[in-house]
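# Fold and geometry: a report
Here is what each chain is made of, one letter per residue.
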Amino acid sequence: MGRLAICPGTFDPITNGHIDIIMRSLRIFDEVIIAVATNPKKAALFDIDRRIYMIRESLRGLSGIKVESFDTLLVEYARQKRGIAIVRGLRAISDFEYELQMALMNRRLDSDIETVFMMPSEEYTFLSSTIIKEIASFGGSVKGLVPEVVEGALNELYNPEGV
Ligand code: ADP
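Summarised in this report is the structure supplied together with it. Being a predicted model, the structure only gives us computed values, none of them experimental. (Residues numbered from 1 in each chain as written. Predicted model: local features only at pLDDT ≥ 70, side-chain atom pairs only at ≥ 80, totals over all residues. Heavy atoms only, no water.)

### A few points about the overall build of the protein chain
Defined as follows: A run of H or I in DSSP counts as a helix once it spans at least four residues, and a run of E counts as a strand once it spans at least two, with each numbered from the N terminus. Just to be clear, the radius of gyration here is over C-alpha atoms, and the globule rule we use is 2.2 Å times residues to the power 0.38. Three labels apply to residues, based on accessible area from a 1.4 Å probe with only protein chains included: buried if under 20% of the type maximum, exposed if over 50%, partly exposed otherwise in between. The contact rule is simple, with two residues in contact once any of their heavy atoms fall within 4.5 Å. Working definition of accessibility: Shrake-Rupley area with a 1.4 Å probe, residue cover restricted to the visible protein chains.
Each helix and strand in the protein chain was counted, giving six helices and five strands. Reading the secondary structure of the protein chain in the N-to-C direction produces β-α-β-α-β-α-β-α-β-α-α. In terms of C-alpha radius of gyration, the protein chain reaches 16 Å, essentially the compact-globule figure of 15 Å for 163 residues. Projected onto its principal axes, the C-alpha coordinates of the protein chain cover approximately 50 × 35 × 30 Å. Residues counted as buried form 42% of the 163 residues belonging to the protein chain. Sequence separation of at least 24 residues holds for 77% of the intrachain contacts in the protein chain that already meet a minimum separation of 6. On the protein chain, roughly 9700 Å² of surface is accessible, and the fraction owed to carbon and sulfur atoms is 51%.

See below:
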């Protein structure tokens, strides 16, 4: 069996930063499952089906990728899928504290699953789903920062007249 990694997240919506990390994961692992958290604690702009649809559209034609939702403990989900690693992106020091806490807690819960951190290309280090939603909500352009399908969805939401 190939080496399988889980890339978990909210993906509300997927950005080119997420895609950067997914592509890097595919260089190391044979298969990558993009696990989209239903995350009832975070109010999402796009519902789970829309988030999954946009990820699938953005990664169409890539092999070794699966997109699924999950609503259980991440390590439990990873174990059930026979994943050997959880991949997370690290953008800046500000990500580090939370990510360290999560990684150590997940290790405590299941020491067989490693957390792997990857740095995106510099051009995406400032990028987050939150900032994308903020720019789009004020009518700013997010071209080149998100896949086309996401750009279209944000335009439809915030600029339906196309002005
Ligand atoms: P979560 O709510 O789990 O943080 P996100 O969708 O915000 O979900 O992020 C999922 C993963 O993608 C995280 O590991 C995050 O660090 C990573 N990520 C998000 N944006 C970027 C980016 N611009 N560059 C690198 N990694 C990123």
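On we go from here.
### Observations concerning the nonpolar core
It is characteristic of soluble globular proteins that their nonpolar side chains tend to be buried jointly. Under the convention used in this document: Only buried residues count toward a nonpolar core, which is a set of Ala, Val, Leu, Ile, Met, Phe, Trp, Tyr and Cys residues joined through side-chain atoms within 4.5 Å.
By size, the foremost hydrophobic cluster in this structure holds 32 residues, and its most contacted members are I34, V36 and I55. Among the elements of the structure, β1 (4-9), α1 (16-28), β2 (31-37), α2 (48-58), β3 (65-70), β4 (85-89), α5 (129-137) and α6 (148-158) are those that each provide at least two residues to this core. Ranked by residue count, the leading element in this core is α2, at four residues. With residues up to four places along the chain from it excluded, the contact list for I55 reads F11, I14, I34, V36 and V67. I33, V75, I86 and I113 belong to the second largest nonpolar core, which has twelve residues in total.

### Things to note about the site of the ligand
Rule in force here: Proximity criterion: a residue is near a molecule or strand once any of its heavy atoms comes within 4 Å of it. Any pair of nitrogen or oxygen atoms within 3.5 Å is treated as a polar contact; in protein, a donor-acceptor pairing is required on top of that, and neighbouring residues in sequence qualify only through side-chain atoms on both sides.
As a matter of local geometry, the ligand sits amid 14 residues, with T10, K42, G89, Y124 and L127 nearest to it. T10 places a side-chain nitrogen or oxygen 2.6 Å from an oxygen atom of the ligand. For the ligand, whose free accessible area comes to 550 Å², the fraction covered by protein is 88%. The set of elements that each furnish at least two residues to the shell around the ligand consists of β1, α1 and β4. A per-element tally of the shell around the ligand places α1 first, with three residues.

### Focus: helix α4 (residues 93-109)
Just so we agree on the cut-off: How far a helix is expected to stretch is found by multiplying one less than its residue total by 1.5 Å. Throughout, bend refers to the angle between the axes fitted to the seven residues that end at a position and the seven residues that start at it.
Taking 1.5 Å of rise per residue, 17 residues should cover 24 Å, and α4 covers 25 Å from first to last C-alpha, within 8% of that figure. E99 marks the point of greatest bend in α4, at about 25 degrees. All of the buried residues in α4 are D95, E99, A103 and N106. For α4, the secondary structure elements touched by its buried residues are α3 (74-80), β4 and β5 (114-118).

### Looking at the pattern of salt bridges
Inclusion rule: What counts as a salt bridge is simple: a side-chain nitrogen of Lys or Arg found within 4 Å of a carboxyl oxygen of Asp or Glu.
Overall, the coordinates contain eleven salt bridges when judged by the stated rule. Across the salt bridge formed by E31 and K66, the nearest N and O atoms sit 3.8 Å from each other. Here K66 lies in strand β3 and E31 lies in strand β2, a separation of 35 residues in the sequence. When the shortest N-O distance is used, the salt bridge between D110 and R79 registers 2.6 Å. Taken together, the residues span a long stretch of sequence, with D110 in the loop between α4 and β5 and R79 in helix α3 at a distance of 31 residues. A relative accessible area of 43% means that R79 is categorised as partly exposed.

### What about the pairing of β3?
What counts here: At least two bridges found by DSSP between two strands is the condition for calling them paired. Clockwise travel from the first strand over the helix to the second, with the strands pointing away from the viewer, marks a crossover as right-handed.
Judged from the six bridges that link them, β2 and β3 form a sheet pairing that is parallel. Note on β3: the bridge partner recorded for A35 is E68. As a crossover connection, the stretch from β2 through α2 into β3 is right-handed.

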